[in-house]
Amino acid sequence: MMAGDQLARYRAAVDDGHSGPALEGIVAGLRDEGLEVAGEALKVAPRGYPRDHPRVDLLRHKSLAAVRRYPPERWLGTPAAATRVTAVWRAAAPLTRWLAAHVGPGDGTDGRRRR
């Protein structure tokens with residue numbers, strides 16, 4: 001889950017005419033590689049963004065990750081698992097780089113005020 005400051009930077013980058021389409025391309029590539037793009041998301045466009053925004057599906061995300069799910073099988077307990085997991089990490093690298101460049105680390109708060 002992104003902290004409040006990260007979420008603001010993420011949405012600004014998704015809305016941007018250069019970095020937003022770049023993320024769309026990355027997501028399409030991940031899906032082509034057989035990865036699922038997942039994360040908690042709002043049901044509608046976030047406040048301040050139109051419902052018909054060209055990247056509303058990405059704007060709705062509050063977290064974003066590339067995922068490959070494996071059914072429980074014997075190979076998961078073997079050294080072959082490390083090879084497969086590493087392959088997923090490598091395939092997800094473009095998303096990781098985009099997030100690092102456009103979102104970065106959080107400020108250490110979750111964006112909520114404490115009472």
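Residues numbered from 1 in each chain as written. Predicted model: local features only at pLDDT ≥ 70, side-chain atom pairs only at ≥ 80, totals over all residues. Heavy atoms only, no water.

## Considering the packing of helix H1 (residues 4-15) against helix H2 (residues 19-32)
It is at 5 Å that the axes of H1 and H2 come closest, and there the two elements cross at 90°. Our classification of the angle between H1 and H2 gives roughly perpendicular. Residues Tyr10, Ala13 and Val14 of H1 form the contact with H2, whose own contacting residues are Ser19, Gly20 and Leu23. Each residue belonging to the contact of H1 with H2 can be placed in one class, and the counts come to four nonpolar, two polar and no charged. (Axes fitted to C-alpha atoms, helices over the stretch in contact; angles between N-to-C directions. Helix = DSSP H or I, 4+ residues; strand = E, 2+ residues; numbered from the N terminus. Parallel < 35°, antiparallel > 145°, perpendicular 65-115°, else oblique. Contact = heavy atoms within 4.5 Å. Nonpolar A, V, L, I, M, F, W, Y, C, P; charged D, E, K, R; others polar.)

## Overview of the nonpolar core
By size, the foremost hydrophobic cluster in this structure holds 18 residues, and its most contacted members are Tyr10, Val14, Leu23 and Trp98. The residues touching Leu23, leaving out its near neighbours within four places in the chain, are Tyr10, Val14, Leu58, Leu64, Leu95 and Trp98. (Core = buried A, V, L, I, M, F, W, Y, C linked by side-chain atoms within 4.5 Å. Buried < 20%, exposed > 50% of the residue type's maximum accessible area, 1.4 Å probe, protein only.)

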